[in-house]
Structure formats: structure tokens, C-alpha cells
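If you want the building blocks of each chain, they are given just below.
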Amino acid sequence: MEAAILAGGLGTRLRSVVSDVPKCMAPVGGRPFLYYLLEQLRGYAVTRVILSVGYKREVIKDWISAHVSDYPFEFVFAEEEQPLGTGGGIRMAASFASSSELIVLNGDTFFDADLNALRHALHSGAASVAVALKPMTDFDRYGTAELSEDGTVTAFHEKRPKKKGLVNGGIYALDLSSDIFSGMPEKFSFETEVLDAQCRRGKVAGLVQDGYFIDIGIPEDYSRADAAPCLLSCRYDLSRALRSLDGFDTLLLDRDGVINRLIPGDYVKDYSEFEWLPGVREALKSASSVFRRIFIVTNQRGVGRGVMSREALDAVHRSMLSEILACGGRIDGIYCCTAASDDDPRRKPHRGMFDEILAEHPEVNPAGCIMLGDSESDSAFARNCGIAFRFIEN
């Protein structure tokens, strides 16, 4: 999956409260708003993020440069020398795409929509554009969309006070093999020149999603975003990660910080200290129907340091597996390195435990493996094994 973020706007209406950075870099909860958009994309199989930038672009580029290693995708910049409008910005970003499909997000809007479902909506009919729609009540700031029973958008309406309706959530899936940009000038509005035109041809699919939504384009809503617990708690957890692992048949999981809550500076010495992270058991049940093999790969240096015994560690794992099985999930193997030394070839980030998996499970193909972890050690382990990796924030 490739995604573009429109981050080239001037942010005129927001300058009374944020004057020194582009809108997407407006601080929210101590982080730039762009951070939350990237965290959302991290939850999907995104390989490349195209940033359409213009106004104060160096602020964005410098931040990405400082954080590029935090993300599993390539960054590309589509740089506007002059404002091109939403349509011109999207068209320029699309020119950097290497496939015929592109997800587009607005740089000043967060909408927790299911991007895989949006892609499915694009390809389920004859659509050239799919748009994520948010149900809303008592609003006057947004235009609305009319949706037919078959999921086709039949009309877009100008903004006006409404008691309820479906608003454009600012996330699109585009079929770039279609002619949606044909005949467009250098600068144009995507909403007016593309969405309306494609709607008249019956080529816009709508997907209704009721995830968290906020637009920081005006000071009032920006202030609301800075205090929004739903946005500030946006995290890439196991449930979100498992939405987007199409193409993989073997799942490798770290334990502490991914399955159970990490105890900083300490170890889970018995099962009374084992605290499940929210949604993990349900996520493992779902994963069990998707993945051919699921393994836990974990460093447990507490045994090597004498803090706990191997028997105690095995007892923790027996209780953990019992609960996973009771919830309808499964784990096909737990691989532990209990050595205290960083030089042990089985200890992550060394690939020793992965080699054991390959030896004991010859059906496992590294090309079909993905590792989910919460540390640089996990990331380096995946690199050393030559397998895909997704980061989970603990």
C-alpha cells in the first residue's frame, strides 16, 4: 500500500494560534499532528508515504529526517513550488506512486477509518475513487454526501447546517489507472473538479465509518484536538497491527510490551504479574484464523541473571497459552533466550531463535514472515532474519 498526505496548505485560518509551522506540524499533545497520521498508517501494510509539501516544507522535512528510522515505510516528498490546490497536490503526489492505487489523507484531519475496507470499496465495483464518510449530527462546517444502497455516492452537497448526515472524512482511495485527472489545469480543487465529476459518472464509492474524527483547520477544533483523549491515546497496538498484514502467513511476536504489559526494569516472575494488554486475546483469536503459524520470540534474561527460574518462566507460559486457547486462539511455539550475555547467538537481535524456527518448521518461508515488536532489538532481529517488521508502541 502507498499513501499520500496533503501537507502543503498555508493554514491561514489557524495562524492566530499556530503561526510558525505548517498545519500538519501543529503541536497536539506534545507531538506534531503529522505524528498521529503516520501512526495510523503504521497500522497498515504501507510501504511508501508520499508527503505533498509546500508552505514551510523544511519544517516537515527536518522532522521526518529526524524520525525516519521510527517508521517501516519509505518517505518521498512531492514539493509544490506554488500552491496547487487539493487537486494539484494530489495529482503531484500520485506522480510519485509506483502502483495504480493510492490512499490519500488530509494533513489537518484525523479519521480512524479502516483503510483496508476503503481499498475493498474501491475495487468492489466500477469506482475510480472511494471516500471514507463519517456520520455526524448537528453540524454546519461540512458538506454532505448522499449514498445509495449499493454504496455508490450519488451526490455531494455544499456545507450548510444539518441535523445529521454523512460528511467527507478526508480520506480517499484512488484508482490511478483511471482518467480522474485528465484535462485538469495545474491548480484545481479535488473536491469540485474530481469528486463531483466522478460522482456524476457513478464512479465514487462511499464507505461509512464511525471511527474517531477531528479536523484541526480552525482554532476552535485545534484546541479540541489538543485535549482529545481518543487522539492522544492513538497507538499502534496488536489489534490495529493485525488489520493490515495481508500477504504474510507466519506471525512472530515479541512478548513483553506486545502481548503483556512491560514492567520497566523488571521481569514477569510469576503469572500474578502477567497483565494482558487490551484486546490481545481477541486479536490472537482472529490471527489464528489468518496465519498458518504463530510464534512468540522473546528474550527472558531474568532467568540468566538468577531473578527467576526457568521452571517459573515455563509456568508463566503455560498459563498464558491456556488463556489464549480458552479464547479460541493458538500459539504454535514459544522460543526463549534466557542467556544473560548480549553475545549469545540466540538472543535478539541475533537470529538464532529464527533459525530454530526454520529448522523445526520447514514449511515456514522467510518471505511470508512478519515480526511484531516494541523495541529496536526486535526491529534489528527482523532485519537480521530478512523478514518484515512492524513496530508496536507499548
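The rules behind each value
- Residues numbered from 1 in each chain as written.
- Predicted model: local features only at pLDDT ≥ 70, side-chain atom pairs only at ≥ 80, totals over all residues.
- Heavy atoms only, no water.
- Axes fitted to C-alpha atoms, helices over the stretch in contact; angles between N-to-C directions.
- Helix = DSSP H or I, 4+ residues; strand = E, 2+ residues; numbered from the N terminus.
- Parallel < 35°, antiparallel > 145°, perpendicular 65-115°, else oblique.
- Left-handed = near helix turned anticlockwise from the far one by under 90°.
- Contact = heavy atoms within 4.5 Å.
- Nonpolar A, V, L, I, M, F, W, Y, C, P; charged D, E, K, R; others polar.
- Buried < 20%, exposed > 50% of the residue type's maximum accessible area, 1.4 Å probe, protein only.
- Arc of directions from axis to C-beta.
- Pairing = 2+ DSSP bridges.
- Core = buried A, V, L, I, M, F, W, Y, C linked by side-chain atoms within 4.5 Å.
- Phe/Tyr/Trp six-rings, centres within 6.5 Å; stacked < 30°, edge-to-face > 60°.
- Lys NZ or Arg CZ within 6 Å of the ring centre and 35° of its normal.

Participant: Is there a simple way to explain the packing of helix H1 (residues 33-42) against helix H2 (residues 57-67) in this structure?
Facilitator: Packed helices, taken two at a time, are described by the angle between their axes plus the distance between the axes. At a minimum axis separation of 12 Å, H1 and H2 run at an interaxial angle of 50°. The pairing of H1 with H2 is recorded here as oblique in orientation. Remark: the crossing between H1 and H2 carries right-handed chirality. Where H1 abuts H2, its residues Leu34, Tyr35 and Leu38 lie against Ile60, Trp63 and Ile64. For the contact of H1 with H2, the per-class residue count stands at six nonpolar, no polar and no charged.

Participant: Any chance you could explain helix H9 (residues 280-288) here in plain terms?
Facilitator: Spacing of three or four residues puts side chains on the same side of an α-helix, whose turn is 3.6 residues. What H9 keeps buried is the set Val280, Ala283, Leu284, Ala287 and Ser288. Take H9 and look down its axis: the buried residues cluster within an arc of 140°, on one side only.

Participant: Teacher, can you tell me more about the pairing of strand E10 (residues 153-157) here?
Facilitator: Walk down a regular strand and you will see the side chains alternate between the two sheet faces. Pairing of strand E9 (residues 144-147) with E10, which is carried by four bridges, proceeds in the antiparallel orientation. Looking across to E10, one finds that Ala145 is bridged to Phe156. The hairpin turn running from E9 into E10, its antiparallel successor, is five residues long, and Gly151 in that turn takes a positive phi close to 90°.

Participant: Explain the nonpolar core to me, please; I cannot follow it from the model alone.
Facilitator: For soluble globular proteins, nonpolar side chains are generally found buried alongside one another. One finds Leu34 and Leu38 to be the most contacted residues of the largest nonpolar core, which totals 51 residues. Residues within four places of Leu38 in sequence aside, it is in contact with Ile5, Val49, Trp63, Ile64, Tyr71, Phe73 and Phe75.

Participant: Sorry if this is basic, but what is going on with the sheet that holds strand E15 (residues 293-299) here?
Facilitator: Backbone hydrogen bonds are what pair the strands of a sheet, in a parallel or an antiparallel way. Spatial ordering of the open sheet is given by E16-E15-E14-E17-E18, a layout of five strands whose pairing is parallel. At either end of the open sheet lies a strand with only one pairing partner, and these are strand E16 (333-337) and strand E18 (388-391). Neighbour-to-neighbour, the strand axes of this sheet turn through a mean angle of 20°, independent of strand direction. Pairing of strand E14 (residues 250-253) with E15 involves four bridges; the strand directions are parallel. Within the sheet, the bridge partner assigned to Leu253 lies in E15 and is Ile296.

Participant: Just to check I follow, could you spell out the pairing of E18 for this structure?
Facilitator: With four bridges joining them, strand E17 (residues 369-373) and E18 adopt parallel strand pairing. Within E18, the position partnered with Ile370 by the bridge is Ala388.

Participant: Help me out: how do you make sense of the packing of aromatic side chains in this one?
Facilitator: Each pair of aromatic rings is reported with the distance of its centres and the angle of its planes. Evaluation of the coordinates by the stated rule reveals twelve aromatic pairs. Pairing Tyr142 with Phe213 gives two aromatic rings, centres 5.8 Å apart and planes at 80°, and the pair type is edge-to-face. Of this pair, Tyr142 sits in the loop between strand E8 (129-139) and E9 while Phe213 is found in strand E13 (residues 213-215), placing the two residues 71 residues apart along the sequence. Phe213 carries the same exposure label as Tyr142, and that label is buried. Plain terms: the ring middles of Tyr271 and Phe274 are 5.2 Å apart, the flat faces sit at 20° to each other, and that makes the pair stacked. Residue classification places Tyr271 among the partly exposed positions, given a relative accessible area of 21%. A connected cluster of aromatic rings, assembled from ring pairs, spans Tyr71, Phe73 and Phe75. If you follow Arg31 out to its NZ or CZ, it ends over the ring of Tyr35, 4.2 Å from the centre. Sitting above the plane of the Phe77 ring, Lys61 keeps its charged end 5.6 Å from the centroid.

Bear in mind that shape data such as this cannot, by itself, settle questions of function.
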